[in-house]
Amino acid sequence: MDQASEPARYDFAAAEPRWQAAWNDRDCFLAPDVPPADAKKYYVLEMFPYPSGKIHMGHVRNYTLGDVVARYKRATGHLVMHPMGWDAFGLPAENAARDRGVHPGQWTYNNIANMRAELKRMGLSLDWSREFATCDPEYYGQQQSLFQDLMAAGWVERKESWVNWDPVDNTVLANEQVIDGKGWRSGAPVEKKRLSQWFMQITRAAPELLGALDTLDRWPERVKLMQANWIGRSEGARVRFELAQSVDGVTDVEVFTTRPDTLFGMSFLAVAAEHPLADAAAKRDPAAAAFIAECRAQGTSEAAIEQAEKRGFDTGFFVKHPFNGQEYPIWIANFVLMEYGTGAIFGCPSGDQRDLDFARKYDLPVLPVVLPPDADPRDFTIGDVAYTDDGTIFNSGFLNGKTVPEAKRAAIDALEQKRAGKGIVNWRLRDWGVSRQRYWGCPIPVIHCDACGVVPVPKDQLPVKLPEDVDFSRPGNPLDHHPTWKHVNCPQCSRAAVRETDTFDTFVDSSWYFARFCSPRATVPLTKAAVEAWLPVDQYIGGIEHAILHLLYARFFTRALHGMDKVATPEPFAGLFTQGMVTHASYRAADGRWLYPEEISVDAEGVATEKATGAVVAIGRGEKMSKSKNNTVDPGAIIDRYGADTARWFILSDNPPERDMEWSEAGVAGSQRFVQRLWRLVQTNLPLPAAEETPAGRKLRQTTHRAIAAVTQALETFAFNVAVARIHEFANAIAEAPAEAAGAKAEALDAITQLISPMMPHLAEELWSTLHPDGKLVAELDWPVADPALLKAETVTLAVQVNGKLRSNIEVAVNEGEDAIFAAALAEENVSRAIDGKPIRKRIHVRGRIVNFVV
RNA sequence: GCGGGCGUGCCGGAAUGGUAGACGGAAGCGACUUAAAAUCGCUCGGGUGCAUGCCUGUGCGGGUUCGAGUCCCGCCGCCCGCACCA
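Analysis parameters
Residues numbered from 1 in each chain as written. Chains lettered and ligands numbered in written order. Predicted model: local features only at pLDDT ≥ 70, side-chain atom pairs only at ≥ 80, totals over all residues. Heavy atoms only, no water. UniProt positions renumbered as here; feature names shortened; annotations may be inferred. Helix = DSSP H or I, 4+ residues; strand = E, 2+ residues; numbered from the N terminus. Buried < 20%, exposed > 50% of the residue type's maximum accessible area, 1.4 Å probe, protein only. Polar contact = N/O pair within 3.5 Å; in protein donor to acceptor, adjacent residues only side chain to side chain. Contact = heavy atoms within 4.5 Å. Pairing = 2+ DSSP bridges. Axes fitted to C-alpha atoms, helices over the stretch in contact; angles between N-to-C directions. Near = heavy atom within 4 Å. Phe/Tyr/Trp six-rings, centres within 6.5 Å; stacked < 30°, edge-to-face > 60°. Lys NZ or Arg CZ within 6 Å of the ring centre and 35° of its normal. Salt bridge = Lys/Arg side-chain N within 4 Å of Asp/Glu carboxyl O. pLDDT = per-residue confidence, 0-100. Core = buried A, V, L, I, M, F, W, Y, C linked by side-chain atoms within 4.5 Å.

The name an unreviewed UniProt entry assigns to chain A is Leucine--tRNA ligase, from the organism Rhodovarius crocodyli. Under the heading Subcellular location (unreviewed entry), UniProt records this for chain A: "Cytoplasm". You can read under Sequence similarities (unreviewed entry) in the UniProt record for chain A the words "Belongs to the class-I aminoacyl-tRNA synthetase family."

Draft legend 1. Fine view of the side chain of Asp538. Its place among the elements puts Asp538 in the loop between α15 (528-534) and β24 (539-543). For Asp538, a relative accessible area of 13% corresponds to the buried category. From its side chain, Asp538 meets the backbone nitrogen of Tyr43 in a polar contact 2.7 Å long. Each residue touching Asp538, except ones within four places of it in the same chain, is listed here: Lys41, Tyr42, Tyr43, Arg218, Ala574 and Gly575.

Draft legend 2. The arrangement of the sheet that holds strand β2 (residues 79-81) in detail. Read across the open sheet, the 4 strands follow the order β2-β1-β24-β25; overall the sheet is parallel. On the outer flanks of this sheet lie β2 and β25 (576-579), each paired with one strand and no other. In this sheet, adjacent strand axes meet at a mean angle of 20 degrees when their direction is disregarded. The pairing of β24 with β25 spans 4 bridges and is classified as parallel.

Draft legend 3. Broad picture of the protein's contact with RNA strand B. In the vicinity of RNA strand B there are 51 residues, among which Thr258, Lys310, Arg354, Asp654 and Glu729 approach most closely. Across the atoms of RNA strand B situated within 4 Å of the protein, the share located in sugar and phosphate is 64%. Note that a base oxygen of RNA strand B is positioned 2.5 Å from one of the side-chain N or O atoms of Asn852. Ranked by the residues each element gives to the surface near RNA strand B, the list is headed by helix α21 (residues 720-736), at 7 residues.

Draft legend 4. Region of interest: the UniProt feature "binding site: ATP" (unreviewed entry) in chain A. According to UniProt, the "binding site: ATP" (unreviewed entry) feature falls on Lys627. By the secondary structure assignment, Lys627 is in the loop between β30 (616-624) and α17 (635-642).

Draft legend 5. Broad picture of the packing of aromatic side chains. Taken as a whole and judged by the stated rule, the model has 39 aromatic pairs. Each ring, one from Phe132 and one from Tyr139, has its centre 4.7 Å from the other, and the planes form 15 degrees; the classification is stacked. Here the aromatic rings of Tyr513 and Phe517 are separated by 5.7 Å at their centres, their planes lie at 70 degrees, and the arrangement is edge-to-face. For the pair shown, Tyr513 and Phe517 are each scored as buried. Site record: aromatic cluster; members linked through ring pairs are Phe48, Phe132, Tyr139, Trp512, Tyr513, Phe514, Phe517, Tyr540 and Phe573. Cation over ring: Arg428 sits above Trp230, and NZ or CZ is 4.5 Å from the ring centre. In this structure, Arg499 packs its charged tip against the face of Trp485, placed 5.3 Å from the ring centre.

Draft legend 6. Representation of the environment of Glu242 in the model. Turning to its location among the elements, Glu242 is positioned in strand β8 (residues 233-247). Through-space distance from the C-alpha of Glu242 to that of Thr694 is 94 Å; in sequence the pair is 452 residues apart. For Glu242, the contacting residues outside a window of four places in its chain are Thr251, Asp252, Phe318, Val319 and Lys320.

Draft legend 7. The pattern of salt bridges, seen in detail. Counted under the stated rule, the structure contains 41 salt bridges. Between Lys486 and Asp480 there is a salt bridge, with its nearest N and O atoms 3.0 Å apart. Among the residues examined, Asp480 registers a relative accessible area of 37% and is labelled partly exposed. Beyond isolated ion pairs, a larger network of salt bridges with shared partners links Asp33, Asp127 and Arg130.

Draft legend 8. Quick peek at the pairing of strand β11 (residues 312-320). Sheet topology note: the β8/β11 ladder contains 2 bridges and is antiparallel. When the sheet's bridge partners are listed, Leu243 is paired in β11 with Val319. Here β11 runs beside strand β12 (residues 327-333); their pairing, made up of 6 bridges, is antiparallel. Across the sheet, Gly312 pairs through a bridge with Ala333, a residue of β12. Hairpin connection of β11 to β12: 6 residues between the antiparallel strands, including Gly325 at a positive phi of 75 degrees.

Draft legend 9. Up close: the sheet that holds strand β21 (residues 487-489). Taken in spatial order, the 4 strands make up an open sheet running β20-β19-β22-β21, and their pairing is antiparallel. Two strands close off the open sheet at either side, each with one partner strand: β20 (453-456) and β21. Averaged over all pairs of adjacent strands, the angle between strand axes in this sheet comes to 40 degrees, irrespective of strand direction. The sheet contact formed by strand β19 (residues 446-449) and strand β22 (residues 496-499) spans 2 bridges and is antiparallel. Each residue of the ladder has a partner; that of Ile447, found in β22, is Arg499.

Draft legend 10. Molecular detail of the confidence of the model for chain A. In this model, chain A carries a mean pLDDT of 90, and residues with pLDDT of at least 70 account for 96%. In the model of chain A, strand β5 (residues 178-179) stands out as the element of lowest mean pLDDT, 68, in contrast to β2, which has the highest, 98. Contacts from residues 1-5, a stretch scored under 50 in pLDDT, to residues over four places away or in other chains number 1 contact. Overall fold confidence for the complex sits at a pTM of 0.92, while the interface term, ipTM, reaches 0.94.

Draft legend 11. Representation of unusual backbone geometry. Residues Leu535 and Pro536 are joined by a peptide bond in cis, for which omega reads 0 degrees. With respect to the helices and strands, the residue Pro536 is situated in the loop between α15 and β24. Look at the link from Leu686 to Pro687: it is a cis peptide, with omega at -10 degrees. Along the chain, Pro687 turns up in the loop between α19 (665-684) and α20 (695-716). You will see that Ser494, though not glycine, has its phi angle at about 65 degrees, which is positive. Tracing the backbone shows Ser494 in the loop between β21 and β22. The backbone of Asn803 shows a phi angle near 55 degrees, a positive value even though the residue is not glycine. With respect to the helices and strands, the residue Asn803 is situated in the loop between β32 (795-802) and β33 (805-813).

Draft legend 12. Expanded view of the environment of Pro260. The topology assignment puts Pro260 in the loop between β9 (250-257) and β10 (268-271). Those residues in contact with Pro260, other than ones at most four positions away along the chain, are Ala237, Lys408, Ala411 and Ile412.

Draft legend 13. Seen up close, the side chain of Gln437. Within the secondary structure, Gln437 sits in the loop between β18 (435-436) and β19. Here the side chain of Gln437 touches Asp502 through a polar contact of 3.1 Å, side chain to side chain. Each residue touching Gln437, except ones within four places of it in the same chain, is listed here: Trp165, Asn170, Thr171, Val172, Gln197, Gly476, Asn477 and Asp502.

Draft legend 14. Quick look at the nonpolar core. Membership of the largest hydrophobic core comes to 115 residues, with the highest contact counts inside it found for Tyr43, Trp432, Tyr513, Phe514, Phe557 and Trp663. Ranked by residue count, the leading element in this core is helix α16 (residues 549-563), at 9 residues. Residue contacts for Tyr513: discarding those within four places in its chain leaves Leu45, Glu46, Met47, Phe48, Phe132, Tyr139, Tyr540 and His550. Residues Leu678, Ala696, Ala707 and Ala779 belong to the second largest nonpolar core, which totals 65 residues.

As structure tokens, then:
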């Protein structure tokens, strides 16, 4: 077949770079640091990527979602800021250095260059003038300055503590980075180690971080819930028990309880293996020491899984009960956590399942103290199930007869009177340890001097830059090994001193980058005018995996900076959207090998076989894309083959954006068909006839304006898949419009071009330039507004029901009188047959919707 | 165990208490073509019928209502988060 008769197709490969250049040339997406006072600002931000070297489909989804919002908001009269940067510090760069001999900085900046080019191919409406990487000395220097401000404001503390030590990565992990007792990156069992560390005092902000969740009305409920659980507020009492005999000078032990009402049900006191009293027992008794060692081993490795058994060791120490004066034994127990409360509990077996399990195992007494509502105190006993519900207190001296809440209050009052305890609120949240023994991170800007202690590096000497010449061949922290870098003179006394060789947790870097974007080149961390103008971020978009860590730290930073009058709002992100994962089918041979899609073929029944062997292959539906499962799809290859618009459109059309989406070849191909179809729709209607009012034309105009309203509504609510469906319907309607409607087609084609523009910006420009060769860009146009007059129909189709069952449809004028409507409905043959002469008991008419006869 | 979310065709999914399955994908049939691709048309929850139709149908069982996928009660199943949190 010759070339000439080949049907013309939209050449996305030529068009997309052309429009990207046009946007760039006209500075379409630049925003000022300080917007004019009358501007409606809108700050759209997607979580910035780690520069691994290539973008993946998760990025494509994330940035497509953000770009739709940014472009839509820009078109609806907002001054949009939509920046991009790089979360560029972190371990993979050091691993690359160790394994391949390339410097982390070089590796990182190369990766950034690759990924920037890939992102640019997506046609995102980004303000690239604001770009920075957290490993730029300009950025991390300002972070060092900010850290010193936080120190001065009292948010930072250096303390010795038990830390989670990752023996493979040779670094400290935050609690949040320990998953099932293993390091979140290395997967190695985490060990406990005692180290001197820098901490952000996030616990001081716990009440506000919890309370302010209520103000975040555009956050997903489940994220707020996860944060609330993580912060973990619980009301109770701290109770001090005197030891019957002091141990190594220790005279008492404190416990935290939420159930002071059950104090009379006590039968033992238990401490964690790391508790000082456990140490004391270990010194006296090798068996105790052995038990503690066992607990420690168990605490880190497989324990979490087979957590079943409660085990303990009787120390032989005793405490005196604050109320009844009796003595109770102190045990070391493997289920008591040093990290929570005081690392000690009092055991009330009748009211707590764990305590009960423990008591049964070691034959400790079980005294019921809460009587269920309809139980008889003379014969009520506890079997293998503790009673944790409400009831009446008994067997409990002065608390007898009270309800549980009453007894809690009375017990706390009594404790406070005896100075043996007090009512407190306990938090699960721990302070945030930010020290990491790594090279590729922001150096902590302090100097340790034997004479002066910890001295901040003077601000005029910031940034404390990372040395370039480092050795990654030895395990541990290269900064610590460096021959010269850490040796400096004390800024205060000028004597020989050493730099801090730890660097910050990378979550510090991402805790304020959104604020830095407001004035990314400023010579101070934040400029007040820019930050006040732009923050909070109006729409933040990212993965649910950051629901706790990143989002909580960013909230904490913002709150602290707000208190220091550096940020005007206490919360960084007014709106949060968490997108689902991108998944893909996977193929696994019977012997467990993961096969690439190219290696298999699928027959008509959907049975997959391996091409090489002919053996049947198991198809996994919708598994998270991962290199190990050979089911990743490279965005670059997709854009080569289909173009950015097609990829964007498919990602938006498949399903609601908060759910996981399955990437499928058929789906992308379908989106590509629609791209071509729209292009043809415009081409085949050219040249457009002049506007002319005809009945058919009016109908098309109504369709046009309804589409505008529906798509606008869908975009406002993040229902992008619905927006796509409405656009499909609209395209169908334009294609099917009769010849008499031609006079309304120009308006329809203009509208559909604009409606697709947030989602398929290149195609929109291409179509617009065909429809209006006057040089204007869609990116510069105002969003179309539906004409209310055209949204109202003259006639409406009413469903006619008899006893709630659909029997017919009638077409009536919108403001037809009720009597006429009922008459018309009854005139329908189906309706009269269904009524079958029975008397009509009730007639219902909902205007514009339905008529229902009850017979 | 605690907390949250969700169950709709073959699949993704739509549906202010008011015509369930929009829209898309897959599949099948047909047109065009020497053939294919591309494109266009038709069918597409189940049952029944010559048929305008009729019956049935949104995990299961009840309820409220003229009317329930949607609201209420009780189950079942799946997914996610947290988890010896005292």
